[in-house]
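# Overview (structure and organization)
For reference, the chains in residue letters:
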Amino acid sequence: MGYGAGALNILGFLSLPLLKEKPVKKALVLFFVISIAPIAQAADVEAGKAKVATVCAACHGAAGVSVSDAIPNLAAQRAGYIEAQLKALKDGTRKNPIMNAIAAQLSAEDVANVAAYFASLPGAATGAKSTFLPNVAKTNVTFPEGYKDTFTKYYTMNFPATKQVRYYYANKAAMAAAKAGKPLPDGSVLFAEVYAAKLDADGKPVTGGDGFYVADKPLLYTAMARDAGWGNDIPQMLRNENWNYAIFTLDKKPRPVNQAECLACHKPLDKVSYTFTLKELAAAK
């Protein structure tokens, strides 16, 4: 291989003639090669464990065993694979709204450390599941009794993937702030009635004259609300200021919910009070 005059032929130092050089010269050459090579930093498993315990554990479990069948176990997964997936989620080449929001907040060091920690764990036993983290499973949101008389119905939305239609309501505090172009304050409550859409003979949702699915069977209620201090126990990577989230059954009982998924999904919406419907709320009559 040819190099111009004065060029440093690094590969030449590793070629066969090197074997005939004196031991001292060989040692000096080896020292030179090592000294110019990039120094790889070992991942910090303990730092990865600490990061997992506060954030990742909410869905993937502190020991890499997930909280539900819809979320993958990461225990004993190869570190290189986890790193590659987190990097793809961080730069957006892999799409997942919840994980995109979390990975975007991880440094390269965090990614390496978390991957190393999960890789160090034994694989999950068949059927094993982790419990929700207490601080994100607990919600302060209660069912807003009498909402139809005191809240404003401000929006309707079709959900084609689940064949649902939802009706959105907001309390006076949220309405007043949105109308004034201000962030939604503590004391705001947004509430939704969730219905299965009426289906036609082909199993497709029936659309009414207003363009929305015709509601059939009521399924549940969802709510997001905020008040002073409600976000204090939530890790910063998940926290939506003081917002909490809840799901209620038709008899108004709270249903267990992993707020981590709600918090992560809403996390990128900090410029619009962490809500997907602020524009519609401000425009409501």
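Calculation rules
Residues numbered from 1 in each chain as written. Predicted model: local features only at pLDDT ≥ 70, side-chain atom pairs only at ≥ 80, totals over all residues. Heavy atoms only, no water. Pairing = 2+ DSSP bridges. Helix = DSSP H or I, 4+ residues; strand = E, 2+ residues; numbered from the N terminus. Contact = heavy atoms within 4.5 Å. Axes fitted to C-alpha atoms, helices over the stretch in contact; angles between N-to-C directions. Expected span 1.5 Å × (residues − 1). Buried < 20%, exposed > 50% of the residue type's maximum accessible area, 1.4 Å probe, protein only. Phe/Tyr/Trp six-rings, centres within 6.5 Å; stacked < 30°, edge-to-face > 60°. Lys NZ or Arg CZ within 6 Å of the ring centre and 35° of its normal. Core = buried A, V, L, I, M, F, W, Y, C linked by side-chain atoms within 4.5 Å.

With that out of the way, let us pick up the sheet that holds strand β2 (residues 164–170). One open sheet holds the six strands; their spatial order is β1-β2-β3-β4-β5-β6, and the pairing between them is antiparallel. If you trace the sheet from one side to the other, it starts and ends with β1 (152–159) and β6 (254–255), each paired once. Sitting on the sheet, helix α8 (residues 172–179) is in contact with β1, β2 and β3 (189–197), with an inclination near 85 degrees to β2. On top of the sheet, helix α9 (residues 259–266) reaches β4 (215–226) and β5 (243–248); it is set at about 125 degrees to β5, its chief contact.

It is worth spelling out helix α5 (residues 108–120) at this point. A rise of 1.5 Å per residue sets the reference length of α5, with its 13 residues, at 18 Å; its end C-alpha atoms lie 19 Å apart and thus fit the reference within 8%. For α5, the full list of buried residues reads Asp 110, Val 111, Ala 112, Asn 113, Val 114, Ala 115, Ala 116, Tyr 117 and Phe 118. On its buried face, α5 is in contact with α2 (45–60) and α3 (79–91).

The next subject is the packing of aromatic side chains. Here a ring pair, both rings aromatic, is described through the centre-centre distance and the interplanar angle of the planes. Tallying each qualifying case throughout the model produces twelve aromatic pairs. Between the aromatic rings of Tyr 147 and Phe 151, the centroid separation amounts to 6.4 Å while the plane-to-plane angle is 65 degrees, which identifies the pairing as edge-to-face. For the pair Tyr 147 and Tyr 169, a centre-to-centre distance of 5.1 Å together with 80 degrees between the ring planes defines the contact as edge-to-face. Of this pair, Tyr 147 sits in helix α7 (residues 147–150) while Tyr 169 sits in strand β2, placing them 22 residues apart in sequence. Its guanidinium or amino end placed over the ring of Tyr 167, Lys 153 lies 4.1 Å from that ring's centre, counting from NZ or CZ. Above the face of the Phe 159 ring, Arg 166 is positioned so that its terminal group lies 4.3 Å from the ring centre.

The next point concerns the nonpolar core. Membership of the largest hydrophobic core comes to 45 residues, with the highest contact counts inside it found for Phe 118, Leu 184, Leu 190, Leu 238 and Leu 281. Per-element accounting of this core gives the leading share, six residues, to α2. Beyond its immediate sequence surroundings of up to four residues, Leu 281 is in contact with Tyr 154, Ala 170, Ala 174, Met 175, Ala 178, Lys 179, Leu 184 and Leu 190.

Quick look at the pairing of β1 now. One ladder, built from seven bridges, connects β1 with β2; its direction is antiparallel. Bridge assignment links Thr 152 to a residue of β2, and that residue is Ala 170.

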